[in-house]
Amino acid sequence: MSEDVLDAQLLSILVCPADRGPLLLVDGHLYNPRLRRKYRIDDGIPVLLIDEAVAVDDDEHQRLVAGGQS
């Protein structure tokens with residue numbers, strides 16, 4: 001999924017439902033680096049449900065905060 005799935009204005013108002021902090025858009029997901037949780041985007045719609053967030057390990061966290069480069 002491309003990085004342009006969400007426009008900048010929408011991204012600026014989206015927050016993590018767990019800690020209400022900002023999210024990063026990377027690899028077609030919304031990512032909370034503070035809690036190391038990744039939220040999916042389905043057909044351009046963010047799925048910001050705590051129960052559906054994916055926990056991220058140390059290696060993936062480093063990759064995501066670096067901008068998603070492998």
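Treat the numbers as computed from the prediction; the structure is a model and nothing was measured.

A short note on the side chain of His61
Here comes step 1: Mapped onto the elements, His61 comes out in helix H2 (residues 58-65).
Here comes step 2: Assessed through its relative accessible area of 9%, His61 is described here as buried.
Here comes step 3: If we ignore the near neighbours within four places in the chain, the residues touching His61 are Tyr31, Pro33, Arg36 and Val56.

A closer look at the pairing of strand S3 (residues 37-42)
Remark: a regular strand shows side chains that alternate across the two faces of the sheet.
Here comes step 1: Here strand S2 (residues 29-32) pairs with S3 via four bridges, running antiparallel. Looking at the pairing, His29 lines up with Arg40 of S3.
Here comes step 2: Linking S2 back to S3 in an antiparallel pair, the connection comprises four residues, with Arg36 at a positive phi of about 55°.
Here comes step 3: Pairing geometry for S3 and strand S5 (residues 54-55), over two bridges, is antiparallel. Paired with Arg37 across the strands is Ala55, a residue of S5.
Here comes step 4: With two bridges connecting them, S3 and strand S4 (residues 45-46) associate as antiparallel partners. Note on S4: the bridge partner recorded for Asp42 is Ile45.
Here comes step 5: Here S3 folds back onto S4, and the loop between the two strands holds two residues, one of which, Asp43, carries a positive phi near 50°.

Digging into the confidence of the model for the chain
Here comes step 1: Mean pLDDT over the chain works out to 90, with 89% of the residues at or above the 70 mark.
Here comes step 2: Across the chain, the secondary-structure element scoring lowest on mean pLDDT is helix H1 (residues 8-13), at 90, and the one scoring highest is S5, at 98.

Rules and cut-offs
- Residues numbered from 1 in each chain as written.
- Predicted model: local features only at pLDDT ≥ 70, side-chain atom pairs only at ≥ 80, totals over all residues.
- Heavy atoms only, no water.
- Helix = DSSP H or I, 4+ residues; strand = E, 2+ residues; numbered from the N terminus.
- Buried < 20%, exposed > 50% of the residue type's maximum accessible area, 1.4 Å probe, protein only.
- Contact = heavy atoms within 4.5 Å.
- Pairing = 2+ DSSP bridges.
- pLDDT = per-residue confidence, 0-100.

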